[in-house]
Amino acid sequence: MRPIDDYSYQCGVMDCFNEMVKAGLKRIALAHPSRTKGQRDAYIPFAEMITEKYQTHYYLDDDPLITDLFPYSLNKGTYNIIFYKEKQDIEAYIALKAQKAAALKEGRYADCRNEIAASFGKLLSYSDETIQTYIEHNTEKENEA
C-alpha cells in the first residue's frame, strides 16, 4: 500500500466531514485536534477552500469543549477546526461551552455534565444510543474543577 502523509489524510477527513455537513447529516463536525495552534493553522487554507466548495463554514476553536463524550486527553490543550452549515449550530456549540464554564464556576457541573455531553453529541448528530455508549465507555473523564 502506498503511504499516506498526515497532512493529506487530515485534509481528506475535513473534505468528508464538510460533505456530510452540507448534506445535513451532521450539524457540526470536528477536524482532528492539533497539539499546537501552528499545526492547526496550517490547515486553514484547506479549510477555506473546502468550505467554499461545500458552502459550509469553519470556526477556529482554541479551547475545545471537554465533555465525557470523548477521552479527556484527546482534546485537552488542543486546537481545532469546527465545520458547520447553519449559524445557529456553531452558536449552540459556543453556548454549550459557556454553559459548562458557568456550571464549573458555580460548582454544579456534576449535576449537568451528562446533559452537556449529550448536548454535544446531539450537535455532532450522534444518536442517543451512540452518545450513551460513548459516555459509558469513556474511561478517561475529566475531573471536576
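Note: the structure precedes this text.
Report on the accompanying structure. Because the structure is predicted, anything quoted here is derived from the model rather than measured.

## Some words on the overall build of the protein
Thought 1: Check the secondary structure of the protein and you find 7 helices and 3 strands.
Thought 2: Going residue by residue from the N terminus, the α and β elements of the protein occur as α-β-α-α-β-α-β-α-α-α.
Thought 3: Computed over the C-alpha atoms, the radius of gyration of the protein is 16 Å, within 12% of the 15 Å expected from 2.2 N^0.38 for a compact globule of 145 residues.
Thought 4: Its C-alpha atoms put the protein at 45 × 30 × 30 Å along the principal axes.
Thought 5: Relative to its 145 residues, the protein shows a buried fraction of 39%.
Thought 6: Put simply, of all contacts in the protein between residues at least 6 apart along the chain, 72% involve residues at least 24 apart.
Thought 7: Surface summary for the protein: the accessible area is close to 8,300 Å², and the carbon and sulfur share equals 53%.

## Quick notes on the packing of aromatic side chains
Thought 1: All told, the structure shown has 6 aromatic pairs when counted by the stated rule.
Thought 2: Plain terms: the ring middles of F70 and Y134 are 6.0 Å apart, the flat faces sit at 65° to each other, and that makes the pair edge-to-face. With F70 in the loop between β2 (57–61) and α4 (72–75) and Y134 in helix α7 (residues 128–137), this residue pair connects regions lying 64 residues apart in the sequence.
Thought 3: The exposure class of F70 is buried, given its relative accessible area of 13%.

## A word on the side chain of D61
Thought 1: Inspection of the secondary structure puts D61 in strand β2.
Thought 2: For D61, the side chain forms a polar contact with the main-chain nitrogen of D63, separated by 3.2 Å.
Thought 3: Here K97 takes part through its side chain, which lies 2.7 Å from a polar atom of the side chain of D61.
Thought 4: Ignoring anything within four residues of it in the chain, the contact list for D61 reads R40, T78, Y79, N80, I82, Y93 and K97.

## What to know about helix α3 (residues 44–54)
Thought 1: Turning to α3, its buried residues are I44, F46, A47, I50, T51 and Y54. One face of α3 carries all of its buried residues, which in axial projection span an arc of 150°. Summarising the geometry of α3, the exposed residues directed more than 90 degrees from the buried face are P45, E52 and K53.
Thought 2: Of the residues one or two after α3, Q55 is the one with positive phi, at around 55°.

## Some remarks on the nonpolar core
Thought 1: Counting 20 residues, the largest nonpolar core has I28, L69, Y93, F120 and L124 as the members making the most contacts within it.
Thought 2: Elements supplying a minimum of two residues to this core: β1 (28–30), β3 (80–84), α5 (87–105), α6 (109–123) and α7.
Thought 3: Sorting elements by how many residues they give to this core places α6 first, with 6 residues.
Thought 4: Excluding its chain neighbours within four sequence positions, the residues that come into contact with L124 are K26, I28, A29, L30, L69 and F70.
Thought 5: The next biggest cluster of nonpolar side chains, apart from the first, holds 10 residues, and it includes M14, Y43, F46 and F83.

Cut-offs applied
- Residues numbered from 1 in each chain as written.
- Predicted model: local features only at pLDDT ≥ 70, side-chain atom pairs only at ≥ 80, totals over all residues.
- Heavy atoms only, no water.
- Helix = DSSP H or I, 4+ residues; strand = E, 2+ residues; numbered from the N terminus.
- Rg over C-alpha atoms; globule rule 2.2 N^0.38 Å.
- Buried < 20%, exposed > 50% of the residue type's maximum accessible area, 1.4 Å probe, protein only.
- Contact = heavy atoms within 4.5 Å.
- Areas by Shrake-Rupley, 256 points an atom, 1.4 Å probe, with all protein chains shown as cover.
- Phe/Tyr/Trp six-rings, centres within 6.5 Å; stacked < 30°, edge-to-face > 60°.
- Polar contact = N/O pair within 3.5 Å; in protein donor to acceptor, adjacent residues only side chain to side chain.
- Arc of directions from axis to C-beta.
- Core = buried A, V, L, I, M, F, W, Y, C linked by side-chain atoms within 4.5 Å.

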